[in-house]
Each structure stands twice: as C-alpha cells, then as structure tokens.
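Descriptive structure summary
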Amino acid sequence: MAAESSESGFLLAIESSCDETAAAVIDRQRRVLSNVVASQFELHTRFGGVVPEMASRAHVQNILPVIDEAIRQAGIRLADLTAIAVATTPGLVGSLLIGLTAAKTLAWSLGVPLVAIDHLQAHIYACQLALWSQSGQAAEQKVQSESIYPCVGMVVSGGHSNLYACASPVDFELLGATTDDAAGEAFDKVAKVLDLGFPGGPAIEKCAKAGRADAFAFPRTFIHEERLDFSFSGLKTAVLYAAHGIQGAKVQPPPLDDARRADLAASFQAAVVDVLIAKAVQALKKTRYSSLCVGGGVAANQAFREKLEQVAQKRGFRLHVAPRELCTDNAAMGGLGWELVEKGRLAPLDLDVSPGLIRTAVPRKS
Ligand code: KG4
Ligand code: ZN
C-alpha cells in the first residue's frame, strides 16, 4: 500500500450512477484539480429519457478515457494516487457496476484504498467543496473550519427529491422523500408534454422565462401537511391536461402555441419551487438546524436558486446551494471520499453496488 502523508495526497473519484461518466482528482485539502464529465445526453435524447442498457454500454466506452483525462488535467500520474472513491449507491445497476469495476481494478493494481461513495451524500458535499474553494484561508486550515454540517440537506435530482438531517458529511438521516416522481423527473416529463426536448430541466427553465408563473394554479401536493415528503405525479398530470385536454371532455384547451407553452412551463416551475422550499423550511424547523444545503441537478434552476435566497434572507437561515457546475452529476463531489479515508472507513475489494431509488410510501387512509 502506498505511503500516506497526512498533509498530501490525491484522491481519484469515479461517478457513473446514471448517464454521466465522470472522474475527478481532489487533493487532501479538498482542492478539485480536475473534473471531467462525459455526458450521454445526445445518446438518450431521441428516447426522451435515459435507457439503462445504453447508458451502461456508453460507460464502458467512456470510463477509461475519462479517467485518463482527469489524471492528465490534474497534472499527476496514476502512481501518485492515494485512494480511489467510487459512487456505489443509488443509481442504475449496470451503470454503477462499470464505475465500480474500474475503481476496484485501479485500487487493486495500484495498491491503494478503495472507498464507497453515497451519491446523494456527495451531492450535498458539493456545497462543502464550494465553501472551501471560496475561502481565503490557508489550505490546511480549511478542512477543519467552515463546515456546512450539521445541516438540512436537500437533494433534488433526476432520481430523487430527498430531505436529510446531516450530522456530518457521512451521517445522514432521511427526513422525507418523494412518493412517486422526483423533481427532476417531473421537469423531464413535463418538458416532453410541452415538446421541449430532453433533458427537461434546462428546457423548461428557458421556456418559463417568457411565461407567467401565476397563469395556471397547479397543485402543490403535501404543502400544508406535516410530513416532509413530496409527490409530483399529480402536478405532471395537471400540466398534461392543461396542455392537451382530457380525452372525451366537452371543453378542450386552445392549441399549444409558444405563449401558452411558456405560461405552462412557468406555472409548473413555480409549483415545484414552492413545494421544495416549503418542505425545506419545515425540515429546518423540525431539526432545529440553522443551515440548508441544496444539491442535485434541479438546484441548477435559476428561479429555484433566487427564491431560496429570498426565503433564506427573510427567515434568517444559512443557505448553501451547490455551484451550477457541481449540481448535475460530476465526480468532484466524490471528494467526499477523503472524509471516509480519514475516518478509516475503507471498502473491501468484494464491494458491491446498491442500486435502486429511495422512495417513501404513501400512508394508507384509515
Ligand atoms: O443530479 P442529476 O444530474 O442526476 C441525477 O442524479 O439524477 O440531475 C439531473 C436532473 C434532470 O432531471 C434534469 O432535468 C434536472 O436535473 N435539471 C434541472 C435543471 N438542470 C438539470 N431541472 C430544473 N432546472 C434546471 N436548470
Ligand atoms: Zn445525481
């Protein structure tokens, strides 16, 4: 095993949980030295969503060039690596396995430790990396100070809309999650309904700029309920009916022109943003934590970011939203691996993936 100094070292993080093949090098001071992402969106765009088997095959093609590029851009050699971190949960089984196989092979052949990353914890850790990168402090002091933890962590992505009580970077307690579609999934499906293409989030955001957020009164499911869960499938159906009408109904909506499309996009986006923020505020009250950290693809949405800022100012809580480039899937956030290395929480070489999505059940009405 390579000799480890407590001050220096280079971590290679690998991310392949869905449709992005990514690798990054992060040094022990948590500086991101390289952050390479090969997106597959062109591959999946004609299907209007990620096709798991195609994603796995593309990962096989991309993984080695992406790792090579991350090492090259960081200006190091493979032999300089201290540890390998890899996202093993949650995600698509085939996709996760490609990253894990590459990570195990490297860890074994270089004789360095392997650590397993929870992709959702990593989305929140992106806020921590951003805070440290803005800090003017000397590198060695950064890691000890300016922690974003404890905090309420909100992950809003294509697969999840989860709220956590985060005691530390690797101690997460689930407070609530979506019961059906995730927020990003709703953006993607509504974009399809409005013929806006894939991925839907950025397309809806762009289209919504020309629309009125109050043009349609779309549902804000669970907003007045105590539970910290989400449900976006009713909202998606409401947009579908408003856009294309209900089959067989006497009254049908007017044709879907650009103005109407923009109003629908803006009203939909406002409904998602309202619910996400209301639940995050509830989670802060429940945990009595005073900071909120938000990550995941949907956190790239400008309307969401602006409203979060307004609400944080009004209510007086600390807000950390991942920088846009670290919201969507990337491996830099796998810098979380350093926390595991330093705690000695290493993974064995027979490590497996834990695929699947985190959902909460809808309680039965008695
Ligand atoms: O975190 P991410 O890259 O992948 C998962 O872990 O799922 O999130 C991808 C999701 C997609 O559903 C995409 O439509 C959404 O994030 N997204 C956005 C925006 N950019 C990406 N949603 C709303 N507004 C955006 N600007
Ligand atoms: Zn993600």
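About the criteria used
- Residues numbered from 1 in each chain as written.
- Chains lettered and ligands numbered in written order.
- Predicted model: local features only at pLDDT ≥ 70, side-chain atom pairs only at ≥ 80, totals over all residues.
- Heavy atoms only, no water.
- UniProt positions renumbered as here; feature names shortened; annotations may be inferred.
- Domains from an automatic or database assignment.
- Contact = heavy atoms within 4.5 Å.
- Buried area = accessible area lost by both parts, 1.4 Å probe.
- Polar contact = N/O pair within 3.5 Å; in protein donor to acceptor, adjacent residues only side chain to side chain.
- Helix = DSSP H or I, 4+ residues; strand = E, 2+ residues; numbered from the N terminus.
- Nonpolar A, V, L, I, M, F, W, Y, C, P; charged D, E, K, R; others polar.
- Near = heavy atom within 4 Å.
- Areas by Shrake-Rupley, 256 points an atom, 1.4 Å probe, with all protein chains shown as cover.
- Salt bridge = Lys/Arg side-chain N within 4 Å of Asp/Glu carboxyl O.
- Buried < 20%, exposed > 50% of the residue type's maximum accessible area, 1.4 Å probe, protein only.
- Expected span 1.5 Å × (residues − 1).
- Donors = N, O, S within 2.8 Å, 3.2 Å for Na, K, Ca; no water.
- Tetrahedral: all angles 85-135°; square planar, octahedral: opposite > 155°, others 65-115°.
- Pairing = 2+ DSSP bridges.
- Axes fitted to C-alpha atoms, helices over the stretch in contact; angles between N-to-C directions.

Within an unreviewed UniProt entry, the label attached to the chain reads tRNA N6-adenosine threonylcarbamoyltransferase, and the organism entered is Planctopirus hydrillae. UniProt, in its Sequence similarities (unreviewed entry) section for the chain, records the words "Belongs to the KAE1 / TsaD family." Note on the chain: under the UniProt heading Subcellular location (unreviewed entry), the record states "Cytoplasm".

A few words now on the domain arrangement of the chain. As far as domains go, the chain holds domain 1 (10-148 + 328-342) and domain 2 (173-324). With centres defined by C-alpha atoms, the gap from domain 1 to domain 2 works out at 28 Å. Listed as interface residues are 16 residues of domain 1 and, on the opposing side, 15 residues of domain 2. Across the domain 1 to domain 2 interface the summed buried area is about 1,100 Å²; carbon plus sulfur atoms make up 68%. It is Cys127, Ile148 and Thr328 in domain 1 that bury the most area against domain 2; as a group they hold 36% of the surface buried on that side. Inspection of the region where domain 1 meets domain 2 yields two residue pairs in polar contact (both at pLDDT 80 or more). Of all the secondary-structure elements, those providing two or more residues to the side of domain 1 that touches domain 2 are α1 (41-44) and α4 (119-134). Top contributing element to the side of domain 1 that touches domain 2 by residue count: α4, with six residues. Residues belonging to the side of domain 1 that touches domain 2 are distributed by class as follows: nine nonpolar, seven polar and no charged.

Below, the discussion takes up the site of ligand 1. In the vicinity of ligand 1 lie 21 residues, with Gly158, Asp188, Gly201, Glu205 and Asp329 positioned nearest. Between ligand 1 and the protein, one listed contact pairs an oxygen atom with a backbone N or O atom of Gly159 at 3.3 Å. Contact distances for ligand 1 include 2.9 Å between an oxygen atom and a backbone N or O atom of Asp329. Taking 550 Å² as the accessible area of ligand 1 by itself, protein coverage stands at 90%. Counting only elements with at least two residues in the shell around ligand 1, the list comes to α4, α6 (183-193) and α7 (200-208). When the residues that make up the shell around ligand 1 are grouped by side-chain class, the tally is five nonpolar, twelve polar and four charged. Taken domain by domain, the shell around ligand 1 gets at least three of its residues from each of domain 1 (10-148 + 328-342) and domain 2 (173-324).

On to the pattern of salt bridges. In total, this model carries 18 salt bridges according to the counting rule given. When the shortest N-O distance is used, the salt bridge between Glu342 and Arg28 registers 3.6 Å. Of the two residues, Glu342 sits in helix α11 (residues 337-343) while Arg28 sits in the loop between β2 (20-27) and β3 (32-39), which places them 314 residues apart along the sequence. Across the pair Arg220 and Asp274 runs a salt bridge whose closest N-O atoms are separated by 2.9 Å. In this pair, Arg220 sits in the loop between α7 and α8 (233-244) while Asp274 sits in helix α9 (residues 258-287), placing the two residues 54 residues apart along the sequence. Residue class for Asp274 comes out partly exposed when judged on its relative accessible area of 22%. Members of the salt-bridge network, linked through shared partners, are Asp181, Glu185, Lys189, Lys236 and Arg359.

This paragraph deals with α9. For α9, with 30 residues, the first-to-last C-alpha span of 43 Å sits near the 44 Å given by 1.5 Å per residue. Where burial is concerned, most of α9 is hidden: 24 out of the 30 residues are buried. Positive backbone phi, approximately 65°, marks Arg288, located one or two places after α9.

Right, let's get into the coordination of the zinc ion (ligand 2). Those donors, His119 (NE2), His123 (NE2) and Asp329 (OD), are the protein atoms that reach the zinc ion (ligand 2), and they lie 2.0 to 2.1 Å from it. For the zinc ion (ligand 2), the four donor atoms are set out with angles of 94 to 143° between them, so the coordination reads as irregular. Each donor residue of the zinc ion (ligand 2) belongs to the same chain, and together they define the spacing H-x3-H-x205-D. Remark: His123 and His119 occur in helix α4; sequence separation between them is four residues, near one turn of the helix. Accessibility classification places His119 together with His123 in one group, the buried group.

What follows is about the environment of Ala243. Relative to the helices and strands, Ala243 resides in helix α8. Sequence separation between Ala243 and Thr89 is 154 residues, and the spatial gap between their C-alpha atoms is 36 Å. With residues near it in sequence (within four places) discarded, Ala243 still touches Val193, Leu194, Pro253, Leu256 and Leu264.

Moving on to the sheet that holds strand β9 (residues 291-295). Read across the sheet, five strands follow the order β8-β7-β6-β9-β10 without closing on themselves; strand pairing throughout is mixed. Looking at the sheet topology across the chains shown, the edges are occupied by β8 (171-176) and β10 (318-321). If you compare each strand with its neighbour and ignore which way they point, the axes differ by 25° on average. Pairing of β9 with β10, which is carried by four bridges, proceeds in the parallel orientation. Along β10, the bridge assignment pairs Cys293 with His320.

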